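Per-entry structural report
Given next are the chains, with one letter for each unit.
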Amino acid sequence: MTNSAMANSAAKDSAATGSATADGAPSARRSSEVTRAAILRAARDRFAAQGYERTTIRAVAADAGIDPSMVMRYFGNKEQLFDAALAIDLRLPVLTEVEPKAVAEVMVRHFLDRWEGDPSDDALLVLLRSAVTNEGAAERLHQIFASQVAPALAGALGPDVVVRGGGLVAAQLLGLALTRYLLRLPAVVALTREQVAETLTPAIQATLEGVLRREGRA
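Anyway, here's the lowdown on the structure attached to this text. (Residues numbered from 1 in each chain as written. Predicted model: local features only at pLDDT ≥ 70, side-chain atom pairs only at ≥ 80, totals over all residues. Heavy atoms only, no water.)

**Let's talk about unusual backbone geometry**
- For R91, which is not glycine, the phi dihedral falls at a positive 50°.
- In this structure, R91 sits in the loop between α6 (78-85) and α7 (103-117).
- With a phi angle near 55°, R184 is a residue other than glycine that sits in the positive phi range.
- Inspection of the secondary structure puts R184 in the loop between α10 (159-182) and α11 (186-189). (Helix = DSSP H or I, 4+ residues; strand = E, 2+ residues; numbered from the N terminus.)

**Observations regarding the packing of aromatic side chains**
- Scanning the entire structure with this criterion turns up six aromatic pairs.
- Between F47 and F82, the ring centres sit 4.8 Å apart and the planes meet at 85°, which makes this aromatic pair edge-to-face. Note that F47 is positioned in helix α3 (residues 25-54) and F82 in helix α6, a separation of 35 residues in sequence.
- For the pair F111 and W115, a centre-to-centre distance of 5.3 Å together with 40° between the ring planes defines the contact as tilted. One end of the pair is F111 and the other is W115, both in helix α7 and four residues apart, which spans about a single turn.
- Overall, the relative accessible area of 1% leaves W115 in the buried class.
- Lying across the ring of Y52, K78 places its NZ or CZ 4.4 Å from the centre. (Phe/Tyr/Trp six-rings, centres within 6.5 Å; stacked < 30°, edge-to-face > 60°. Buried < 20%, exposed > 50% of the residue type's maximum accessible area, 1.4 Å probe, protein only. Lys NZ or Arg CZ within 6 Å of the ring centre and 35° of its normal.)

What follows is the structure, encoded as structure tokens:
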């Protein structure tokens, strides 16, 4: 980077993060948090619209209204930006407090709550879009379901159910995400939220009950 470019970057950074000498350190930290949040929002929008491969640091910076060097300063590279933008907590309900026959409905309605509001800003859907073409994103998706969904189901139904049926449950939930919110298949989009819940819940419940029967627990 040339001295001129470095000076311009520093000036923009100062403008974006605030002056610690003029406004004090707390103000600088607040401004830095605002800049960081703007970058993450721009990154999520880009990853959602274009996937991992087609998204560039330059495009994210342009969307956030800052110099690309600032994106690099906050996040290092595109892979680290992707990781930060898609830090996902599914906030799953405590399924140990749910009757086994109600687990499927609780899960379906939980994910509908996530996706029916603003699916374009849901990090899980952004990750799913990128996972189709990017191996790293696919691995991240696997990790999220393994570390969050699987333990939740195991707590309610037992580890054997998750081993045998967890993958099918994930397939059904992600199938809904893919067809309704990403591919937007007309027949699926046309369903009301309640129709989705009433139709998908029995399918997932049947999967879980099938495993329970094989385990001699139904």
